[in-house]
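In case you want the letters, here they are:
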Amino acid sequence: MRPAPVVAAAHLPRRYSPTAYQTLLDCPYRFFVKSVLGIQELDEADEALDKSDYGNALHRILKAFHDSAPPPGRDAALARLQEISAAEFAALPAWTAAAWRSRWEKIQPAYVDAWLDWVAQGWHYHSGEAEFAMPFHVAGLGEITLHGRVDRVDEKNEARTVIDYKTGSAQGLKKKLKTPDEAIQLPFYAWLAEAAAVYLPINETPVAPLELDGETDVDAISRRLPELLEALAAGAALPASGIDAVCNYCEARGLCRKGMWHV
Ligand code: SF4
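Residues numbered from 1 in each chain as written. Predicted model: local features only at pLDDT ≥ 70, side-chain atom pairs only at ≥ 80, totals over all residues. Heavy atoms only, no water.

1. What to know about the domain arrangement of the protein chain
Point 1. Parsing the protein chain into structural domains produces domain 1 (12-42 + 124-256) and domain 2 (51-120).
Point 2. Computed from C-alpha atoms alone, the centre-to-centre distance between domain 1 and domain 2 is 26 Å.
Point 3. Of the residues lining the interface, 18 residues belong to domain 1; the matching set on domain 2 comes to 18 residues.
Point 4. For the domain 1 and domain 2 pair, buried surface summed over both sides reaches about 1,600 Å², with 66% attributable to carbon and sulfur atoms.
Point 5. A per-residue breakdown of the area domain 1 buries against domain 2 is headed by Tyr 125, Ile 202 and Asn 203, which together make up 35% of the total.
Point 6. On the surface where domain 1 and domain 2 come into contact, there are zero salt bridges. (Domains from an automatic or database assignment. Contact = heavy atoms within 4.5 Å. Buried area = accessible area lost by both parts, 1.4 Å probe. Salt bridge = Lys/Arg side-chain N within 4 Å of Asp/Glu carboxyl O.)

Structure, rendered in structure tokens:
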């Protein structure tokens, strides 16, 4: 039988990130495994620098770059980025770091161009890895916190934009932007930070921000989470219901045993 556990309100988490929310939408059973049971995949102790390590390195590099108040000239800004990048990659022990480093070297000039273009439009860096949190009361569950950490926050006069760095393809991100009620991360950030929101693909050139449509009802998208939680607290089940595109990368597949049951 397809698993579909029911969880007592006392066992539901009290803090929800966009990742937890996305997981709940993608497959409630996967949410059950990760966020209710707290089962996490082991980080394999291999030497190779995988794509997520690479993404984390780029996030650290870009935070250090912007925290350092880079100089306004292109050559000087690029030199600063190269220096910070070289130091970050030098500290990585993996033998594959060289391949990733050389990939990033080719993208750095495009990143600096995109940054200077953005600055020319009047934007300035406000903060990196910024935490936002919103308390919420859910009937049957009590006080919860909706929270998220945003890669970069920029400001221009009274306006604010949150920027989410992505190492995925711009093509895939454009698709996500067409269905913001299914790919909720960016609308959720926009709602939490009360800001405009963009994806910034940093793994291809040219580097160009992809903006969430300003007409998106981020309030409705974000408030659906407390509504879902209210239903769970009232006894709604958490069925295994991922689509293949989700299941193919799911660490809980051995637990839900997809393929052993039929709906
Ligand atoms: S393998 Fe698919 S159905 Fe099973 S838990 Fe993961 S996402 Fe859900």
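2. A closer look at the packing of helix 7 (residues 185-193) against helix 8 (residues 218-233)
Point 1. The contact between helix 7 and helix 8 brings their axes to 9 Å, and the two run at 100 degrees. Overall, the two elements helix 7 and helix 8 adopt an arrangement that is roughly perpendicular. Note on element contacts: helix 8 touches helix 7 through Val 218, Asp 219, Ile 221, Ser 222 and Leu 225, opposite Pro 187, Phe 188, Ala 190 and Trp 191.
Point 2. Across the contact of helix 7 with helix 8, the residue classes tally to seven nonpolar, one polar and one charged. (Axes fitted to C-alpha atoms, helices over the stretch in contact; angles between N-to-C directions. Helix = DSSP H or I, 4+ residues; strand = E, 2+ residues; numbered from the N terminus. Parallel < 35°, antiparallel > 145°, perpendicular 65-115°, else oblique. Nonpolar A, V, L, I, M, F, W, Y, C, P; charged D, E, K, R; others polar.)

3. A look at the site of the ligand
Point 1. Lining the immediate surroundings of the ligand are Cys 27, Tyr 29, Ala 240, Ser 241, Gly 242, Val 246, Cys 247, Cys 250, Arg 253 and Cys 256.
Point 2. The residue makeup of the shell around the ligand, split by class, is seven nonpolar, two polar and one charged. (Near = heavy atom within 4 Å.)

4. Looking at the packing of helix 1 (residues 18-26) against helix 7
For any two helices packed against each other, the geometry comes down to the angle between their axes and how far apart the axes lie.
Point 1. For the pair helix 1 and helix 7, the least separation of the axes is 10 Å and the interaxial angle reads 140 degrees. By the angle between their axes, helix 1 is oblique relative to helix 7. For the pair helix 1 and helix 7, the sense of crossing is right-handed. For the pair helix 1 and helix 7, contact is made by Pro 18, Tyr 21 and Gln 22 and by Gln 185, Phe 188 and Tyr 189, respectively.
Point 2. Of the residues assigned to the contact of helix 1 with helix 7, the class counts are four nonpolar, two polar and no charged. (Left-handed = near helix turned anticlockwise from the far one by under 90°.)

5. Brief notes about the environment of Phe 65
Point 1. Take Phe 65: it is sitting in helix 3 (residues 51-67).
Point 2. Measuring from C-alpha to C-alpha, the distance between Phe 65 and Leu 229 comes to 39 Å, with 164 residues separating the pair along the chain.

6. Brief notes about a nonpolar patch on the surface
Point 1. On the surface, Leu 37, Ile 39 and Leu 255 cluster together to form a nonpolar patch covering roughly 250 Å² of accessible area.
Point 2. Position of Ile 39 relative to the elements: it lies in the loop between helix 2 (28-36) and helix 3.
Point 3. Relative accessible area serves as the criterion here: at 38%, Ile 39 is assigned to the partly exposed category. (Patch = residues over 30% accessible without salt bridge, like charges linked within 9 Å, V, L, I, M, F, W, Y side chains within 5 Å. Areas by Shrake-Rupley, 256 points an atom, 1.4 Å probe, with all protein chains shown as cover. Buried < 20%, exposed > 50% of the residue type's maximum accessible area, 1.4 Å probe, protein only.)

7. Some thoughts on the nonpolar core
Point 1. Residues Tyr 16, Phe 31, Leu 146 and Leu 229 are the most contacted members of the largest nonpolar core, which totals 50 residues.
Point 2. Only helix 1, helix 2, strand 2 (124-138), strand 3 (142-156), helix 6 (170-178), helix 7, strand 5 (196-201) and helix 8 provide two or more residues apiece to this core.
Point 3. Top element by residues in this core is helix 7. It accounts for seven residues.
Point 4. If we skip the residues at most four places from it in the chain, Leu 146 touches Tyr 16, Phe 132, Ala 133, Met 134, Phe 136, Phe 188, Trp 191, Leu 192, Leu 225 and Pro 226.
Point 5. In terms of nonpolar packing, the next biggest core, distinct from the first, is built from 32 residues, Phe 89, Ala 114, Trp 118 and Val 207 among them. (Core = buried A, V, L, I, M, F, W, Y, C linked by side-chain atoms within 4.5 Å.)

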